[in-house]
Amino acid sequence: MRKFLFLGVLLILTTLLPAEVFDDLAIQDRGRKKPFSSFAHEMSLYLSGKSPLTLTDRTLPPLDFVLELWLDGEDLHHQPVILVDYLPLRQKLGLEPSQKRFSYVTLESCAGLEPLQREAANWTRLHPNEKLSPLLREVNNVVSRLATFRGLTEGNLIKIVPHPSSLSGPWTPLPEVQLEPLRANFKKDRRSIWPQIEALIPTLRTQSPSVYPTPAMLALEATYLKSHPWRWAWIAYALGAVLMAATFHWQRGSGYRVGYALVLLGFLFQIYGFVCRIIISGRPPVTNMYESIVWVAFGTVLIALILEAIYRSRYFVLAAAPVAVAALIFTDLQPAVFDRSIQPLVAVLNNNYWLTIHVLTITLSYGAFALALGLGHVALIQLWRGAKEKDLALLYQYNYRALQVGILLLAAGTILGGVWANYSWGRFWDWDPKETWALIALLTYLVILHGRMAGWWGGFGLAVGSVLCFQSVLMAWYGVNFVLGAGLHSYGFGSGGLPYAATFVAMEFLFVASAVWKFRQLQTKRQALL
Amino acid sequence: MNLFPQLTAAEHQRLVQERKAGSFVWQVIHALGSLHLAVILLLTIALACAVATFTESSFSTRIAQHYIYKAPWFIGWLAVLCLNLMCVTLTRWPWQQKHWGFIITHYGIILLLIGAVIGRMAGFEGFMTISTDQPAQGRVLIQESTVQMQSPVSGNIYGTPLPVEAVPPQPKRPRLLAVPETDYKIEINDYAEQVMTRMELEPVSPAIDPALAAAGVQLTLRSAMMQQELPITLSAHNQAQRQHDLFGLAKLEWIEATQSAPVQPKPVRESQMVFSLNPTQPITESSAAPSGWRVELRGGAQARDFEVIARSSVYGEVRWPLVQVLQGAMALPGGQLELKAIGFWPHFVMRSGQPVTLSAEPLNPALLVQIYSAPASTKPSLRLYADSQGQVHYQLLRAGLIQQQGLMPTNAPLVLGWADWQASLTTYLPSAQLVSKVVKVTTDPAREPTGESRPGIRAALLNHQGERGEPQWILSGSSQNLRLGETVVPVGFGLRTLPLPFQVKLEEFTVPRYEGTDTPSNYISRLRFQDPNGNTLEDEAKMNEPAMFPGGLWRSALGLNYKFSQASWNPQNLRETTLQILYDPGWPCKWVGSLMICCGIFTLFYLKPKRAPAKLGNG
């Protein structure tokens with residue numbers, strides 16, 4: 001099956017993009033074999049938060065950056081290439097606060113860093129079960145960036161010589177004898193090492209043919225990296241949605257069809273991206289925040305497309321596209337917060353079957369709720385614009401449909417999580433923050449549905465509820481890992497993005513408040529008319 | 001009886017109204033099953049859970065569980081939810097076809113909660129730390145602190161749960177427990193997460209008991225970089241007390257004044273060929289000074305049961321399993337020598353001058369070992385001794401050679417040159433006895449315990465007149481005799497243990513890694529189970545794939561298996577693993593309930609009987 005997908009995808013895309021030498025050179029890095037070009041891209045993002053990286057005098061594409069570090073790193077020691085993202089840390093270290101990247105030499109000679117590093121180490125030693133403060137966590141990040149920088153300039157991290165026999169054995173850097181001529185040539189003319197590397201690859205491959213990744217596998221990853229499926233996906237979604245919005249009163253039929261086709265095209269780009277990631281990593285694509293945001297965007301569009309196929313209303317696409325586009329652009333712009341590199345699974349998650357079912361169901365439900373959120377926004381905006389009662393009722397009805405999908409999937413996903421936990425750890429439910437917040441989100445949505453059933457509120461209440469309750473989904477999804485940082489789902493912890501999240505929540509509350517105010521006003525007006 | 005009578009909505013409503021008017025019971029059912037109550041329940045449970053997650057994040061899991069998740073009020077609230085769910089289904093009686101999804105969902109939730117209750121009452125969740133070196137174990141630890149008291153009247157033992165982590169007893173807020181069968185009470189007036197037994201020196205006249213009296217010093221080691229301050233006691237009472245290992249960084253040692261010259265040991269290199277069938281006649285060959293060790297190979301039924309024994313007139317006897325010796329060099333006591341296996345032949349013969357084995361059967365097992373001086377350790381050390389005037393001298397050694405020596409300064413700390421460690425002499429006692437003291441380790445991270453510390457409580461015995469005995473610290477997993485006058489009550493404190501109806505042995509523990517890294521990709525414990533009837537079973541507990549005993553599909557489905565899953569591991573000791581053991585007879589209710597909820601919601605949303613579309617608008 002894997003092979004099948006693989007061949008199909010490969011056929012379509014490898015022909016479109018020319019392969020380069022460094023796509024065929026394999027390297028072992030962080031528990032996985034990958035093309036050198038992919039490694040360079042990940043390293044550039046990790047060290048500097050940028051790929052490509054712009055310096056004062058030149059722009060360094062990731063490959064040039066890593067090659068220069070490896071073969072002629074002298075100048076880069078003095079260039080601002082190492083990211084210090086956290087403002088309080090820059091202030092504490094006495095670094096220029098407005099600058100984000102600093103040179104290796106600056107940071108190494110920074111007197112404040114070492115005591116902080118020791119403080120972090122002491123804290124971890126004395127409080128093994130407590131998390132580090134954001135400052136110390138960021139100190140650790142900077143320290144490991146410095147170590148990575150050293151590893152690259154000294155060549156220890158460039159492990160391109162395969163293990164002679166074992167598939168999982170450690171690879172080694174190039175021996176000094178072979179490295180020296182590369183260095184000499186590189187210093188003379190950067191491009192001159194290309195043919196040397198090209199000649200080197202068959203030697204490395206024949207040394208241990210069973211260990212070296214196949215050219216097809218390397219090509220697939222390199223192509224995935226170059227083809228930017230997520231970017232094309234959001235562009236297609238945005239175009240499709242704009243087209244649908246523009247053709248409400250003009251060219252209705254063809255506008256709708258082309259818009260639907262564009263959204264479908266974006267959806268196919270996402271499918272291609274997921275298939276690539278699945279083949280490369282050999283696991284479902286939902287094990288870190290980056291993958292899960294991209295997946296939720298996918299789920300939102302999937303559910304919108306299905307409901308659109310049933311109701312033919314174009315509101316589903318109009319509601320889903322902004323959410324999906326925002327999510328995809330957001331992850332694209334924040335590579336330092338949302339790590340996009342493909343890494344092996346933490347041992348806790350090492351069970352693909354249950355992982356797939358549980359996590360995919362839960363995140364699909366987030367997608368459905370995101371769609372409900374979008375529809376809630378559309379409905380409330382239409383209310384503001386003074387839409388007809390009949391049109392609003394239809395929008396509320398769509399909103400309800402999206403909520404139903406979400407509730408069913410969230411209930412099933414939460415319970416499946418219990419089943420997985422029961423199977424793998426024994427216990428079914430243990431009030432872990434992640435599962436508790438999933439439950440809280442479910443309960444808040446149930447309150448909305450029950451209240452509507454009791455007649456306490458109607459469609460407007462549903463729309464307001466869809467926006468408000470999504471904040472609890474946000475808490476379950478993002479907050480538990482990034483704000484609470486406690487519990488068993490600790491493999492997903494990270495930091496960053498909090499100001500964005502807080503702004504988003506605050507804006508949503510303001511939006512809802514204004515909609516409620518408008519609703520009240522309309523009601524008093526109607527009563528006055530009667 | 002027809003479960004789904006065909007009634008129109010109006011008829012149904014009239015029926016319900018009549019029923020309510022005529023019966024108080026139905027009125028109560030309708031009140032308990034009201035939507036108002038349901039929404040209040042949903043909101044309060046959601047709010048309580050939200051508060052609990054923040055409590056957990058800022059305090060601890062134990063506190064969140066004690067005050068919310070496992071608190072009686074929260075459980076009671078869930079019970080009210082059950083009642084509400086049941087009553088709301090009754091209010092729709094007689095049920096009609098359109099009620100299917102609604103009923104299945106609501107009873108699914110009830111069944112799930114019943115499963116949770118059964119699991120809590122009849123099941124357990126415990127932990128077990130086992131090592132491949134240990135024999136089979138049959139008890140698990142439950143994460144629940146208890147106090148056990150032995151009645152001085154009958155000798156019976158009584159246990160009481162004491163949630164010390166969530167509600168720690170404090171001097172201002174002591175807990176009183178009645179001693180059963182008596183009118184005495186135990187007052188528990190303090191709790192600390194880290195309590196340890198520390199050896200301290202107390203001056204004693206040598207005339208009292210020369211066997212107990214010996215010379216010793218108390219030192220304080222400080223490191224600003226590590227933010228640490230360690231009290232260390234060295235004395236001549238025994239070999240263990242003479243030395244202290246500083247995190248594997250360096251060694252502190254108390255020596256005799258006569259021994260003060262640095263000993264440059266002669267190099268040792270010695271080979272011994274030993275035969276398990278002929279243990280008294282090893283073939284020994286020494287190239288330098290003799291080692292003073294005699295090695296013996298002791299046989300068993302299989303090669304894996306063989307043992308290697310080394311004896312010395314000075315240091316006594318050490319034993320290792322053969323498999324361990326074959327894996328790498330073993331350090332011999334005394335710290336100077338190492339033993340290394342060169343070869344092992346289960347069925348030894350000489351063929352053309354070469355030792356070979358004829359088969360894998362242990363018919364004439366032979367082992368060739370080498371004993372040699374351990375490579376000169378670069379580990380630095382501080383040696384201390386006292387002269388006849390009662391002054392303490394020091395020697396700082398590196399690679400076995402004295403780098404610096406002199407009188408131990410009394411007014412200023414001695415800079416040791418190991419990172420930024422400094423040593424100050426607190427006291428020197430030419431004649432002291434060793435006393436073990438139970439002390440509470442302060443939470444100040446700078447004063448980290450040097451030895452193993454455990455949680456502990458401080459308790460005292462009270463009588464009905466309010467007289468109080470001497471309070472004592474009781475470490476987790478131990479007991480103390482509390483006294484008041486003539487009365488003695490043995491009191492124990494620790495995690496509750498539970499016997500298993502079978503024994504578990506860890507055969508092997510392996511941690512495979514991701515390629516080229518130290519990151520574990522899995523944890524695999526090979527376990528052997530044995531029940532009293534002699535049934536044995538081998539199973540592997542892997543990540544996300546627990547081992548089960550007694551095993552079998554129907555037992556799994558009914559929750560009648562004991563599940564062993566990976567809980568934690570010790571990267572320093574790969575022969576040891578901690579497993580979580582779960583027994584949950586509520587499991588079938590839980591999963592049937594889960595299935596009902598999912599199917600019910602689906603029915604409710606998508607399988608509605610045809611009727612007019614839901615009225616949606618601005619209600």
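Residues numbered from 1 in each chain as written. Chains lettered and ligands numbered in written order. Predicted model: local features only at pLDDT ≥ 70, side-chain atom pairs only at ≥ 80, totals over all residues. Heavy atoms only, no water.

### What about the overall build of chain A?
Part 1 of the argument: Summing up its helical and strand segments, chain A has 20 helices and six strands in all.
Part 2 of the argument: In terms of C-alpha radius of gyration, chain A reaches 26 Å, essentially the compact-globule figure of 24 Å for 530 residues.
Part 3 of the argument: When its C-alpha atoms are laid out on the principal axes, chain A stretches across 90 × 55 × 55 Å.
Part 4 of the argument: Within chain A, the proportion of its 530 residues that are buried is 57%.
Part 5 of the argument: Once local pairs closer than 6 in sequence are excluded, the contacts in chain A between residues at least 24 apart make up 69%.
Part 6 of the argument: For chain A, the exposed area adds up to about 22200 Å²; of that, 65% sits on carbon and sulfur atoms.
Part 7 of the argument: Distance between charge centroids for chain A: 11 Å, based on 45 positive and 34 negative side chains. (Helix = DSSP H or I, 4+ residues; strand = E, 2+ residues; numbered from the N terminus. Rg over C-alpha atoms; globule rule 2.2 N^0.38 Å. Buried < 20%, exposed > 50% of the residue type's maximum accessible area, 1.4 Å probe, protein only. Contact = heavy atoms within 4.5 Å. Areas by Shrake-Rupley, 256 points an atom, 1.4 Å probe, with all protein chains shown as cover. Lys, Arg positive; Asp, Glu negative; His and termini not counted. Charge placed at Lys NZ, Arg CZ, Asp CG, Glu CD.)

### A short note on the pairing of strand β18 (residues 354–357) of chain B
Part 1 of the argument: Both strand β17 (residues 348–351) of chain B and β18(B) contribute to a ladder of four bridges, which runs antiparallel. By the bridge assignment for β18(B), R351(B) is matched with Q354(B). (Pairing = 2+ DSSP bridges.)

### Details of the interface of chain A and chain B
Part 1 of the argument: Taken together, the 70 residues of chain A in the interface contact 57 residues of chain B.
Part 2 of the argument: Taken as a group, L408(A), W431(A) and W456(A) account for 12% of the area that chain A buries against chain B, more than any other trio of residues on that side.
Part 3 of the argument: Counting every contact that joins chain A to chain B gives one salt bridge.
Part 4 of the argument: With its nearest N and O atoms 2.9 Å apart, the salt bridge here joins E515(B) to K33(A).
Part 5 of the argument: Connecting chain A to chain B are four residue pairs in polar contact (both at pLDDT 80 or more).
Part 6 of the argument: Counting only elements with at least two residues in the side of chain A that touches chain B, the list comes to β2 (32–35), α7 (113–126), α17 (389–424), α18 (433–453), α19 (459–484) and α20 (498–529) of chain A.
Part 7 of the argument: A per-element tally of the side of chain A that touches chain B places α17(A) first, with 17 residues. (Buried area = accessible area lost by both parts, 1.4 Å probe. Salt bridge = Lys/Arg side-chain N within 4 Å of Asp/Glu carboxyl O. Polar contact = N/O pair within 3.5 Å; in protein donor to acceptor, adjacent residues only side chain to side chain.)

### Focus on the pairing of strand β30 (residues 536–541) of chain B
Residues and elements named next belong to chain B.
Part 1 of the argument: Alignment of strand β29 (residues 524–530) against β30, held across six bridges, turns out to be antiparallel. Residue R526 lies in a different strand from β30, and its bridge partner there is E540.
Part 2 of the argument: From the end of β29 to the start of β30, which pair antiparallel, there are five residues, and G534 there has a positive phi angle of about 90°.

### A look at helix α9 (residues 176–188) of chain A
At 3.6 residues per turn, the α-helix brings residues three or four places apart onto the same side.
All names here are of chain A.
Part 1 of the argument: If you check α9, its first and last C-alpha atoms are 18 Å apart, about what 13 residues at 1.5 Å a residue would give, namely 18 Å.
Part 2 of the argument: Within α9, burial applies to L179, L182, R183 and F186. Within α9, the buried residues cover an arc of 105° as seen down the axis, which keeps them to one side. Exposed side chains of α9 directed beyond 90 degrees from the buried face belong to V177 and K188.
Part 3 of the argument: On its buried side, α9 packs onto α4 (62–72) and α10 (193–207). (Expected span 1.5 Å × (residues − 1). Arc of directions from axis to C-beta.)

### Focus: the packing of aromatic side chains
Geometrically, a pair of aromatic rings is defined through the distance of the ring centres and the angle of the planes.
Part 1 of the argument: With the rule as written, the count across this model stands at 45 aromatic pairs over all chains.
Part 2 of the argument: Look at F267(A) and F298(A): their rings are 4.7 Å apart centre to centre, the planes differ by 5°, and that puts the pair in the stacked class. Of this pair, F267(A) sits in helix α13 (residues 252–281) while F298(A) sits in helix α14 (residues 289–311); the two residues are 31 residues apart in sequence, bridging distant segments of the chain.
Part 3 of the argument: Where F316(A) meets Y398(A), the ring centres are 4.9 Å apart and the plane angle is 50°; that geometry is what we call tilted. Taken as a pair, F316(A) in helix α15 (residues 315–333) and Y398(A) in helix α17 lie far apart in primary sequence, 82 residues in all.
Part 4 of the argument: According to the relative accessible area criterion, F316(A) is buried, its value standing at 0%.
Part 5 of the argument: Taken together, the ring pairs in this structure connect F124(B), F502(B), F529(B), F549(B), Y562(B), F564(B) and Y583(B) into an aromatic cluster.
Part 6 of the argument: One Lys or Arg, R191(A), reaches over the ring of W194(A) and ends 4.2 Å from the middle of that ring.
Part 7 of the argument: The residue whose ring lies beneath R452(A) is Y400(A), and the NZ or CZ to ring-centre distance is 4.3 Å. (Phe/Tyr/Trp six-rings, centres within 6.5 Å; stacked < 30°, edge-to-face > 60°. Lys NZ or Arg CZ within 6 Å of the ring centre and 35° of its normal.)

### Some points on the sheet that holds strand β16 (residues 337–345) of chain B
Part 1 of the argument: With antiparallel pairing, the five strands of this open sheet are ordered in space as β11-β10-β19-β16-β15 (chain B). The outermost strands of the open sheet, each flanked by one partner alone, are β11 (283–286) and β15 (330–331) of chain B.

### Re the nonpolar core
The tendency in soluble globular proteins is for nonpolar side chains to be buried as a group.
Residues and elements named next belong to chain A.
Part 1 of the argument: Core analysis: the biggest nonpolar cluster contains 142 residues, and Y237 and L371 have the highest contact counts within it.
Part 2 of the argument: When residues in this core are grouped by element, the largest group, 18 residues, is from helix α16 (residues 352–384).
Part 3 of the argument: Excluding residues that lie within four positions of it along the chain, Y237 makes contacts with V263, G266, F267, Q270, V301, A321, A324, V325 and L328.
Part 4 of the argument: With 60 residues, the next largest nonpolar core counts A26, I27, L47 and L136 among its residues. (Core = buried A, V, L, I, M, F, W, Y, C linked by side-chain atoms within 4.5 Å.)

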